[in-house]
Every structure is written in C-alpha cells, then in structure tokens.
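One-letter residues, chain by chain:
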Amino acid sequence: MSEPLKFTYPVDGDNFTSAGQASVQVKKVLRRLGLDPETIRRVSIAMYEGEINMVIHAGGGEAEVLIYEDNVQIILRDKGPGIADIEQAMQEGFSTAPDNIRSLGFGAGMGLPNMKRYTDDMRIESEVGVGTTITMRVDL
Amino acid sequence: MKISEIRDLLDAEVLCGDDLERDILSACGSDMMSDVLAYVKNQAVLLTGLVNPQVIRTAVMMDMICIVFVRSKQPSAQMIEFAEENGLTVLTTSRRMYEACGKLYAAGLKGNGEVNE
Ligand SMILES: Nc1ncnc2c1ncn2[C@@H]1O[C@H](COP(=O)(O)OP(=O)(O)OP(=O)(O)O)[C@@H](O)[C@H]1O
Ligand SMILES: [Mg+2]
C-alpha cells in the first residue's frame, strides 16, 4: 500500500475563538482531493467535535489526519485530564462542561456520540491525569 | 423554500450571500452546536441566537447553506467574511427563536428529523 498523505495541526487550548480551525483546513484539503461530499462531511464533523473537545476539556493538543487510498484516519492527542469513565462519556447527554462553555453553544453531551455515529471506527485511549488519544476511521 | 422567502417571512436583513433563489430543504433551530451537528441534512438552514465563530464553522462543517440569527443578533465582520468565503447566506431577524421557527414551519419548511433524503 502506498504512503498516506499526512497532515498535522496544533490545537490551541487557550483560544476558544480559533477552535475548529484545523477541521476547516482539513475540509479544504479533502475538497481539493475530490473526495465525495458525504465523506467529507462525516470526516469534518467528527474531527470538529473532537477538536472542540480538546479545547474545552483538555487544554488543547494535536490533530493528525492520514489519508489512505481507502480510508481517512483522524488521530487526536491531548495531555488533558483524561476520561475516567469512557462508557459514561459516550452516552448522549453526558457532559461535564461548565456553564460558561454551555453559553458558548457546547456541552450538550453529544460530541462523542456524534463522532462515533459519523465514523466507521472510533477508539478512545485515556488515562486519568495523563491524557486522551482518540483514533477515528472513515472508509472511502 | 427559497432563501428569499425566508427573508420575507422573517423580515430579515441579508448580511451576506447574493443567491437568494437557492432552495432550502430543511431547518434546524438550536443554540447548542452539537445538537445541530447530530442531524445532518442537505441544503439546510440553521436558526440560532448564539453568536460566535463556532456557529459559522458548524454550518460550514455540515454543508449548510444559510444561517438566520434571531433576536437581532449581529455577527462580527470576520464571521460574515468567513461565511461568505464558504458560500453561506447570513440573515438576521428581530424575531425570537420560537416565532421565527414557527413562521417557517407554518409556511411548509420541515424540521431536520422530518425530511427523508
Ligand atoms: N479530550 C477529552 N479530555 C477529557 N475529557 C473529555 C475529552 N473529550 C470528552 N471528554 C469528557 O467527555 C464528556 C462528553 O463529551 P462530549 O463531546 O460527548 O460532550 P460535551 O463536549 O460535554 O458536549 P458537546 O460535545 O455536546 O458540546 C465531556 O463532557 C468530558 O467530560
Ligand atoms: Mg464535545
């Protein structure tokens, strides 16, 4: 198999205004590559939710996107507080977001379920006090 | 429903976007962006009272084509510019969320959950 195209983006944890910019960039790249719109939308939404989570829950991190011949992989790594109970975090409506985040339009507890719904595979590795890595795959 | 009809029904002001003849197939009204991101439909309009750059990014991620800010909310020049770059039409109306949604619904525009693609 040929080498994947690889893109890496830092995600600034101190700046909510810029949260989501990496996903905007990735969407542009995928459009340029001519992927079908439905696939682009799924990748974009899943990555956007993950990127926002890194900003509001983990103080930022790094996003990596790998484009293979038959799939796109999104890897989101942060050194935030980690997720103690992943099963609980995956439930629709579960959120630990404080009120100031809710007033910015996030904290409905829908992000992780959305990421799972829009991808073909999603894995969460997390250790409390160490960080979280989320790997998602969308098949082409 | 055409964007021009939405403008007229809501007495809305057009902040950017020049093709008001584009067809809208479904609508979503919410101030919680992840709720919006949960229901993808084609050619949708987002009605919201939230004003920050994430609103525009959410709409762009979802390939929406129109955003209506309710309660006379005014997005910043940067937000409008970003929307324009991405082909979004942006409107603002003095109507409140409930009234704005109700007017569009009564005129036949369905909700996201009711439209079958
Ligand atoms: N990268 C992360 N680091 C630490 N905790 C996280 C991370 N991502 C998610 N969580 C935890 O999982 C919970 C659920 O996340 P999810 O994205 O589903 O909802 P939310 O971000 O709270 O709200 P929404 O996504 O609807 O805006 C969060 O409230 C948070 O407690
Ligand atoms: Mg989230």
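Residues numbered from 1 in each chain as written. Chains lettered and ligands numbered in written order. Predicted model: local features only at pLDDT ≥ 70, side-chain atom pairs only at ≥ 80, totals over all residues. Heavy atoms only, no water.

Trainee: Lay out the overall build of chain A in plain terms, naming residues and giving numbers.
Mentor: Counting secondary structure elements, chain A contains 5 helices and 5 strands. Listing every helix and strand of chain A by position from the N terminus yields β-α-α-β-β-α-α-α-β-β. A globule of 140 residues ought to have a C-alpha radius of gyration of about 14 Å, and chain A, at 14 Å, matches this closely. With the principal axes as the frame, chain A shows a C-alpha extent of 40 × 30 × 25 Å. Taken over 140 residues, chain A has a buried fraction of 51%. Residue pairs in contact within chain A that sit at least 24 positions apart in sequence constitute 61% of those at least 6 positions apart. Carbon and sulfur atoms form 47% of the exposed surface of chain A, whose accessible area is close to 6800 Å². Positive and negative charge centroids in chain A, built from 14 and 21 side chains respectively, lie 6 Å apart. (Helix = DSSP H or I, 4+ residues; strand = E, 2+ residues; numbered from the N terminus. Rg over C-alpha atoms; globule rule 2.2 N^0.38 Å. Buried < 20%, exposed > 50% of the residue type's maximum accessible area, 1.4 Å probe, protein only. Contact = heavy atoms within 4.5 Å. Areas by Shrake-Rupley, 256 points an atom, 1.4 Å probe, with all protein chains shown as cover. Lys, Arg positive; Asp, Glu negative; His and termini not counted. Charge placed at Lys NZ, Arg CZ, Asp CG, Glu CD.)

Trainee: Could you give an account of the packing of helix 1 (residues 21-32) of chain A against helix 2 (residues 37-58) of chain A, with specific residues and numbers?
Mentor: Residues and elements named next belong to chain A. Running from N to C, helix 1 and helix 2 cross one another at 165°; their axes reach a closest spacing of 8 Å. Between helix 1 and helix 2, the interaxial angle falls into the category roughly antiparallel. With respect to the hand of their crossing, helix 1 and helix 2 are arranged in right-handed fashion. Judged by residue contacts, Gln21, Ala22, Ser23, Val26, Lys27, Leu30 and Arg31 of helix 1 engage Ile40, Arg41, Val43, Ser44, Met47, Tyr48 and Glu51 from helix 2. Split by residue class, the contact of helix 1 with helix 2 holds 7 nonpolar, 3 polar and 4 charged. (Axes fitted to C-alpha atoms, helices over the stretch in contact; angles between N-to-C directions. Parallel < 35°, antiparallel > 145°, perpendicular 65-115°, else oblique. Left-handed = near helix turned anticlockwise from the far one by under 90°. Nonpolar A, V, L, I, M, F, W, Y, C, P; charged D, E, K, R; others polar.)

Trainee: Can you lay out the site of ligand 1 for me, pointing to particular residues and giving the numbers?
Mentor: Residue and element names in this part refer to chain A. In the vicinity of ligand 1, 22 residues are found, and the nearest of them are His57, Ser95, Thr96, Gly107 and Met110. Residue Asp78 places a side-chain N or O atom 2.9 Å away from a nitrogen atom belonging to ligand 1. Within the contact set of ligand 1, an oxygen atom lies 3.0 Å away from a backbone nitrogen or oxygen of Ala108. For ligand 1, whose free accessible area comes to 590 Å², the fraction covered by protein is 96%. More than half of the atoms belonging to ligand 1 lie within 2 Å of the grid points that define the largest pocket. Counting residues per element, the shell around ligand 1 draws most heavily on helix 2, which supplies 4 residues. Tallied by class, the residues present in the shell around ligand 1 amount to 10 nonpolar, 10 polar and 2 charged. (Near = heavy atom within 4 Å. Polar contact = N/O pair within 3.5 Å; in protein donor to acceptor, adjacent residues only side chain to side chain. 1 Å grid on protein atoms, 1.4 Å probe; cavity = no way out; pocket = protein on both sides within 12 Å on 5 of 7 lines; lining within 4 Å. Sits in = over half its atoms within 2 Å of the grid points.)

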